[in-house]
Each structure stands twice: as structure tokens, then as C-alpha cells.
Amino acid sequence: MPGGKITLGQIDSLSKTSFPLCMRQLHEALRRDHHLKHGGRLQYGLFIKGIGLTLEEALMFWRSEFTKIMEVDKFDKGYAYNVRHSFGKEGKRTDYTPYSCMKIIMSNHPGQGDYHGCPFRHYDADILRQKLVAYGVPHPAIKEIQELVKDSHYQLACARYFEVTHKVSLPHADAINHPNKYVEESRRVHEQ
Ligand code: SF4
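Just so we're clear, the structure is a prediction, and the values are computed from it rather than from any experiment. (Residues numbered from 1 in each chain as written. Predicted model: local features only at pLDDT ≥ 70, side-chain atom pairs only at ≥ 80, totals over all residues. Heavy atoms only, no water.)

Draft legend 1. Just the site of the ligand, in detail. Around the ligand, the surrounding shell consists of Pro20, Cys22, Cys101, Ile104, Cys118, Pro119, Phe120, Cys158 and Pro179. Every element with two or more residues in the shell around the ligand is listed here: α7 (101–106) and α8 (119–122). (Near = heavy atom within 4 Å. Helix = DSSP H or I, 4+ residues; strand = E, 2+ residues; numbered from the N terminus.)

Draft legend 2. Quick peek at the environment of Asp126. Summarising the element assignment, Asp126 is placed in helix α9 (residues 125–134). What makes Asp126 partly exposed here is its relative accessible area of 38%. Through-space distance from the C-alpha of Asp126 to that of Glu56 is 39 Å; in sequence the pair is 70 residues apart. (Buried < 20%, exposed > 50% of the residue type's maximum accessible area, 1.4 Å probe, protein only.)

Draft legend 3. Summary view of the pattern of salt bridges. As enumerated under the stated definition, the model contains 14 salt bridges in all. Asp12 serves as the salt-bridge partner of Arg31, at 2.9 Å between the closest nitrogen and oxygen. Of this pair, Arg31 sits in helix α2 (residues 21–33) while Asp12 sits in helix α1 (residues 11–17), and the two are 19 residues apart along the sequence. A salt bridge links Glu90 to Arg84, with the shortest nitrogen-to-oxygen separation between them at 2.7 Å. A single network of salt bridges, built from pairs that share partners, joins Asp12, Arg31, Glu65 and Lys68. (Salt bridge = Lys/Arg side-chain N within 4 Å of Asp/Glu carboxyl O.)

Draft legend 4. A look at the confidence of the model for the chain. Within the chain, residue pLDDT values average 94, and 98% of them lie at 70 or more. Scoring the predicted complex yields pTM 0.95 and, for the interface, ipTM 0.99. (pLDDT = per-residue confidence, 0-100.)

Draft legend 5. Fine view of the packing of α2 against helix α4 (residues 55–66). For the pair α2 and α4, interaxial distance at closest approach is 8 Å and the crossing angle is 45°. Classified by the interaxial angle, the pair formed by α2 and α4 is oblique. Between α2 and α4, the residues in contact are His27, Leu30 and Arg31 and Phe61, Trp62, Glu65 and Phe66, respectively. Of the residues in the contact of α2 with α4, the class split is four nonpolar, one polar and two charged. (Axes fitted to C-alpha atoms, helices over the stretch in contact; angles between N-to-C directions. Parallel < 35°, antiparallel > 145°, perpendicular 65-115°, else oblique. Contact = heavy atoms within 4.5 Å. Nonpolar A, V, L, I, M, F, W, Y, C, P; charged D, E, K, R; others polar.)

Draft legend 6. Quick peek at the packing of aromatic side chains. The full count for this structure, using the stated rule, is twelve aromatic pairs. Aromatic rings pair up to connect Phe19, Tyr44, Phe47, Phe61, Trp62, Phe66, Phe75 and Tyr79 into one cluster. Here Lys103 stacks its cationic end above the ring of Tyr99, 4.8 Å away from the centre of that ring. (Phe/Tyr/Trp six-rings, centres within 6.5 Å; stacked < 30°, edge-to-face > 60°. Lys NZ or Arg CZ within 6 Å of the ring centre and 35° of its normal.)

As C-alpha cells, then:
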């Protein structure tokens, strides 16, 4: 991974500079609500594993948020198993891989109170616009992104968001096809 291993202490700032919209919204929801529903825990949990957090760091991360609203014992009994499971340390011991954009876009449509999914695919148009404004995307670029979304080009919309927020041109249109790839590319740009 460009920029070296990511540590737990970097995750808040990295979420602002280098996470794609899908993961930034999950990170913000977790920090705000100290909880994520099942779909969010899966999508975000595998992503942070993919950016390089160890099992111990991931457990520490989830525990530190969830125990703001529940007893440590409840976290350990109800949630820690799933964290270990996603690292292949429980059950069938499958070492699950982080979800690709296609998987996030095509499956498990988020419902009420969910924060997983792809904002370009699953957000209501006005909520997406507000989010892009809040994250400092200039008006003309928001228009371009909205056009791409309208034509169901969700990954292209994400790539355009990347280009605008990083002030670079991506080498090819399908450069963003995985949230973890997005982080890698972003760190590469920030390193230059
Ligand atoms: Fe995340 Fe991929 Fe959607 Fe971008 S296109 S927000 S990386 S799921």
C-alpha cells in the first residue's frame, strides 16, 4: 500500500482525504452513532481489513465505538465473534475479501437506518447533492456527477469525484472499481 501501513490513529483523517464516499459515510455514521447495522459492519469491516488493520486493531476500533453505547461484555458476546469471523478466525475460517464496487452496487440494497451501499447508486439525488456540497465539490463537477448518476454510471461518477477531490486526471475511466483501490490511488496521489 502506498504511504506505508495504515494505523488506527490515522483512520479519521484518512477517511476525509482518501476514503471513497461509501466508506466515508460508514465511518461518519459509526463515529456519530457508535453503531452500524449488519450490512454496514460487513462492508466497512472488510474494507478496514483491506486497508491493512490487523485483527487486534479492528477489534479495538469496533470495541471503542460500540462500548460507548453498550457494556463491553455485550460487545464481546454479540459482535467480536463477527469481527474475528471476517478475519477467518472463526467458523469455516474463510479469509473474506473486501467488497468490490460491483458487489456493493448490485447487492444488498440498504434500508432504513442502513449506511452501507454506494452513495452514487443508493442515495436519493438531493441527499447526494447535499453531501457533495458539504464535501466541497464545486457546482460544475456536481452537475457532471449528477449526469453520470442519471445514466447509471455510478463508478464513473465516483471516478469523477476522485478526480475533483484530488485535482488529478485518472488514467482511464474504469480506474475505480474497488473501494480499497480508491484508497490506494488516493494515497499514491497524496504522496506525490
Ligand atoms: Fe464506493 Fe465504489 Fe460506490 Fe465509489 S463506486 S462510492 S468506491 S462502491
